[in-house]
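Examination of the molecular architecture
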Amino acid sequence: MRLVDVIRAQKSNVSIGAWQEGKIPPSAWPLTTSSLHLGRGYSWRIVKFDALGKKFRVLIAFSAEKETYRAVLAVEEPKHLKVVCHHELHTDHWNWHCHFSAGPIEEIFAGVWRDKDTFRAWPRFRINECSVAFDVTKESALSVAARRYRFEAQGELI
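What comes next is a walk through the structure. A quick note: this is a predicted structure, and the numbers were derived from the prediction, not measured. (Residues numbered from 1 in each chain as written. Predicted model: local features only at pLDDT ≥ 70, side-chain atom pairs only at ≥ 80, totals over all residues. Heavy atoms only, no water.)

Inspection of the secondary structure assignment puts Arg-45 in strand 3 (residues 43–51). A distance of 2.9 Å separates a polar side-chain atom of Arg-45 from the backbone oxygen of Gly-17. (Helix = DSSP H or I, 4+ residues; strand = E, 2+ residues; numbered from the N terminus. Polar contact = N/O pair within 3.5 Å; in protein donor to acceptor, adjacent residues only side chain to side chain.)

The structure is reproduced here in structure tokens:
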């Protein structure tokens, strides 16, 4: 199974968590046994869904102050997540881009934020600057992730 298979797959049992702030506990995003720290000024929420016989999570992290947005897709494993893709915009460098596993998901090392052996960046940029306006809001952040990973919630996307 590859990232493109997950994106194209039919999703079911979509559940969307509320916006939260502060540390992300391992119960919400189990990469390690300690909490994940995004830094001051971030809001985050977790989306869960089923696809291809597996359970997936999407961490949506947003900071208007830092002009940073991330939608991180991961597949659940028995003890930790395997992070498959980071879809990002942060205006300190580059435009919209992804860091993703280029190979089979089964080869990704579990429990790490980004597997250096299997991940690639796309697109490649020649200069380290961002030329797009940061137009993501807390209200639109979920819809951005839903379009990228092709999931829908029952009712409105809030």
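Structure's up, so let's keep going.
A few words now on the environment of Ile-16. Looking at the secondary structure, you find Ile-16 in strand 1 (residues 12–16). On the basis of relative accessible area, Ile-16 is assigned to the partly exposed category, the value being 29%. Taking the C-alpha atoms as reference points, Ile-16 and Phe-49, separated by 33 residues in sequence, lie 8.9 Å from one another. (Buried < 20%, exposed > 50% of the residue type's maximum accessible area, 1.4 Å probe, protein only.)

As a further point, take the nonpolar core. Membership of the largest hydrophobic core comes to 28 residues, with the highest contact counts inside it found for Val-58, Ile-60, Tyr-69, Leu-73, Tyr-149 and Phe-151. Every element with two or more residues in this core is listed here: helix 1 (3–8), strand 3, strand 4 (54–63), strand 5 (68–76), strand 6 (81–90) and helix 2 (141–149). Once residues lying within four places of it in the same chain are set aside, the contact partners of Phe-151 are Lys-11, Val-14, Val-47, Phe-49, Val-58, Leu-142, Ala-145 and Ala-146. (Core = buried A, V, L, I, M, F, W, Y, C linked by side-chain atoms within 4.5 Å. Contact = heavy atoms within 4.5 Å.)

Note on backbone geometry: most residues besides glycine have negative phi, and most peptide bonds are trans. Phi angles above zero are rare outside glycine, and Leu-52 is one such case at about 55 degrees. Along the chain, Leu-52 turns up in the loop between strand 3 and strand 4. One non-glycine residue, Glu-67, adopts positive backbone phi at about 50 degrees. A relative accessible area of 33% places Glu-67 in the partly exposed class.

We now examine the packing of aromatic side chains. For the structure on display, the rule yields two aromatic pairs. An angle of 20 degrees between the planes, with centres 5.5 Å apart, marks the rings of Phe-49 and Phe-56 as stacked. Judged on exposure class, the residue Phe-49 and its partner Phe-56 are both buried. An angle of 25 degrees between the planes, with centres 5.9 Å apart, marks the rings of Phe-49 and Phe-151 as stacked. Of the two residues, Phe-49 is situated in strand 3 and Phe-151 in the segment after helix 2; the sequence distance between them amounts to 102 residues. Three or more aromatic residues joined by ring pairs form one cluster here, namely Phe-49, Phe-56 and Phe-151. (Phe/Tyr/Trp six-rings, centres within 6.5 Å; stacked < 30°, edge-to-face > 60°.)

Tracing the backbone through its elements, the reader meets His-86 in strand 6. Under the relative-accessibility criterion, His-86 is labelled buried at 0%. The contact partners of His-86, leaving out residues within four places of it in the chain, are Ala-71, Val-72, His-97, Cys-98, His-99, Trp-113, Arg-114, Phe-119 and Tyr-149.

Next up on the list: the pairing of strand 7 (residues 93–101). Within a regular strand, the side chains alternate between the two sheet faces. The pairing of strand 6 with strand 7 spans five bridges and is antiparallel. By the bridge assignment for strand 7, Glu-88 is matched with His-97. Two elements, strand 7 and strand 8 (residues 119–122), share four bridges in a ladder whose sense is antiparallel. Bridging from a neighbouring strand, Phe-100 pairs with Arg-120 of strand 8. (Pairing = 2+ DSSP bridges.)

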